[in-house]
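These are the residues of each chain, in order.
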Amino acid sequence: MKKILYAATICMTGILSVPAYAGDEEIAKDMSALFGAGRAVISDNQDKINDGNVGDKGLTGDVVIAAAKEKYKEKAGKDVDANDQYQKAILDAIKEVMTDAQPVINEKGKGFKGFLPAVFAGQVANKASEKLAGKAVIKLTAPKELVRNRKNRPDDWENKAIEETFKKAGYEKGKAFSETTTIDGKNAFRYIQPEYYKQSCLSCHGGPKGEVDISGGKKEGANLDDLGGAISVTIFK
Ligand code: HEC
């Protein structure tokens, strides 16, 4: 009721684009930051993960979570709230994904094991969204032409945000876009955070376009700072 009144007040004051309910924006932003922090920890440890000379890497769920919490704090300027159901779902998902990944990443004698940030992120996104059972969904996506894993394809709303907002000339780099909308008739708050390729991404996503990268996929031919993907969060109302 409070939300309806809020929206109605805004409409009456004549502001056409209804701003999101502040609570949802914060939930989505925090989820996105924590998810991104976990993924960055995997990225930081990629050389270690790919080291065939070492067996046990010590990269357990608890280790990844501790490092992700630190990164989150740097970015969000506050501590992770493990009692918050949305953040807890992500932490629990990271723990499960890393526990499941132990035999893969600790295999001695094998270099590249296919365990890379986007693979980790896809698994964490699935598990966290499952735990949130219809309350929220988190996903890693990318501009259509860059998508390697079909599961990460942007849906119509995400595609529109990427093509018409993030790619618009002059759009403020790194700024998230959000909107209150509906999905299959259900009210939903949607939030999408753009991300750009860093130097460390270009060994796989950079040039020359079409060349095969270490994962066996084809390089996109992207440049430093190009829009490479987005974290998308949906909160159902
Ligand atoms: C070791 C090679 C490698 C590196 C380094 C790498 N990626 Fe990827 N990336 C991949 C692969 C392979 C996939 C597809 C993963 C899958 O099958 O789920 C992928 C998927 C993605 C996706 C999801 C969309 C899709 O294509 O399915 C995004 C977004 C992404 N990468 C961004 C980045 C960014 C940003 C960085 C740097 C911080 C980075 N990647 C570093 C190989 C890499």
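What you are looking at is a predicted structure, and each value in this text was computed from that prediction instead of being measured.

1. Describing helix α6 (residues 117-131)
Phase 1: Here α6 spans 21 Å end to end across 15 residues, near enough to the 21 Å set by a 1.5 Å rise per residue.
Phase 2: Along α6, the residues that are buried comprise P117, F120, A121, G122, V124, A125, A128 and S129.
Phase 3: Trailing α6 by a residue or two, A133 shows a phi angle of about 25°, which is positive.

2. Examining the site of the ligand
Phase 1: In the vicinity of the ligand lie 21 residues, with R148, N152, C201, C204 and H205 positioned nearest.
Phase 2: L146 is positioned such that a nitrogen or oxygen atom in its backbone is 3.5 Å from an oxygen atom of the ligand.
Phase 3: Within the side chain of N149, one N or O atom sits 2.8 Å away from an oxygen atom of the ligand.
Phase 4: At three residues, the largest contribution of residues to the shell around the ligand is made by helix α8 (residues 202-205).
Phase 5: Counted by class, the shell around the ligand contains nine nonpolar, nine polar and three charged residues.

3. Brief notes about the pairing of strand β1 (residues 136-141)
Along any regular strand the residues' side chains alternate between the sheet's two faces.
Phase 1: Of all six residues in β1, five are buried; the element is thus mostly enclosed.
Phase 2: When β1 meets strand β4 (residues 227-236), the two strands line up antiparallel, connected through six bridges. Paired with V137 across the two strands is T234, which belongs to β4.

4. Focus on the pairing of β4
Phase 1: Counting buried positions along β4 gives 10 out of 10 residues, so the element sits mostly inside the fold.
Phase 2: In this structure, strand β3 (residues 186-196) lies alongside β4, joined through nine bridges in antiparallel fashion. Pairing of E195 across the sheet is with G229, part of β4.

5. Some points on the coordination of the iron atom of the ligand
Phase 1: One donor from the polypeptide reaches the iron atom of the ligand: H205 (NE2), at 2.1 Å.
Phase 2: Checked against the element boundaries, H205 lands in helix α8.

6. Details of the packing of aromatic side chains
Phase 1: Per the stated rule, a full pass over the model turns up three aromatic pairs.
Phase 2: With centroids separated by 5.8 Å and ring planes inclined at 25°, the aromatic side chains of W157 and F177 adopt a geometry described as stacked. Placement of W157 in helix α7 (residues 156-166) and of F177 in strand β2 (residues 177-183) is noted, with a sequence separation of 20 residues between them.
Phase 3: Above the ring of Y196, the side-chain terminus of K173 is found at 4.4 Å from the ring centroid.
Phase 4: The ring of F236 has K186 sitting right over it, with the charged end atom 4.9 Å from the ring centre.

7. Comments concerning the confidence of the model for the protein
Phase 1: Looking at the protein, the pLDDT average stands at 92 and 91% of residues meet or exceed 70.
Phase 2: The low-confidence segment residues 1-16, where pLDDT is below 50, has 10 contacts with residues more than four positions distant or belonging to other chains.

8. Quick notes on helix α4 (residues 61-76)
Along an α-helix, a turn takes 3.6 residues, which lines up residues three or four apart on a common side.
Phase 1: The end-to-end C-alpha distance of α4 is 21 Å, a good match for the 22 Å that 16 residues give at a rise of 1.5 Å each.
Phase 2: Within α4, burial applies to G61, V64, I65, A68 and Y72. Projection of α4 onto a plane perpendicular to its axis shows the buried side chains occupying an angular sector of 95°, all on one side. Summarising the geometry of α4, the exposed residues directed more than 90 degrees from the buried face are E70 and E74.
Phase 3: Trailing α4 by a residue or two, G77 shows a phi angle of about 70°, which is positive.

9. Digging into the packing of helix α5 (residues 85-105) against α6
The relative placement of two packed helices is expressed as an angle between their axes plus a distance between the axes.
Phase 1: Where α5 contacts α6, the two axes come as close as 8 Å, and the packing angle between them is 130°. Judged by the inter-axis angle, α5 sits oblique to α6. Handedness of the crossing formed by α5 with α6: right-handed. Contacts between α5 and α6 pair A89, I90, D92, A93, I94, E96, V97, M98 and D100 from the former with F120, Q123, V124, K127, A128 and K131 from the latter.
Phase 2: Looking at the contact of α5 with α6 residue by residue, the class counts come to nine nonpolar, one polar and five charged.

10. Focus: the side chain of N45
Phase 1: With respect to the element layout, N45 can be found in the loop between α2 (22-44) and α3 (46-49).
Phase 2: For N45, a relative accessible area of 17% translates into the label buried.
Phase 3: At a separation of 2.9 Å, a polar atom in the side chain of N45 contacts the main-chain carbonyl oxygen of V41.

Basis of the calculations
- Residues numbered from 1 in each chain as written.
- Predicted model: local features only at pLDDT ≥ 70, side-chain atom pairs only at ≥ 80, totals over all residues.
- Heavy atoms only, no water.
- Helix = DSSP H or I, 4+ residues; strand = E, 2+ residues; numbered from the N terminus.
- Expected span 1.5 Å × (residues − 1).
- Buried < 20%, exposed > 50% of the residue type's maximum accessible area, 1.4 Å probe, protein only.
- Near = heavy atom within 4 Å.
- Polar contact = N/O pair within 3.5 Å; in protein donor to acceptor, adjacent residues only side chain to side chain.
- Nonpolar A, V, L, I, M, F, W, Y, C, P; charged D, E, K, R; others polar.
- Pairing = 2+ DSSP bridges.
- Donors = N, O, S within 2.8 Å, 3.2 Å for Na, K, Ca; no water.
- Phe/Tyr/Trp six-rings, centres within 6.5 Å; stacked < 30°, edge-to-face > 60°.
- Lys NZ or Arg CZ within 6 Å of the ring centre and 35° of its normal.
- pLDDT = per-residue confidence, 0-100.
- Contact = heavy atoms within 4.5 Å.
- Arc of directions from axis to C-beta.
- Axes fitted to C-alpha atoms, helices over the stretch in contact; angles between N-to-C directions.
- Parallel < 35°, antiparallel > 145°, perpendicular 65-115°, else oblique.
- Left-handed = near helix turned anticlockwise from the far one by under 90°.

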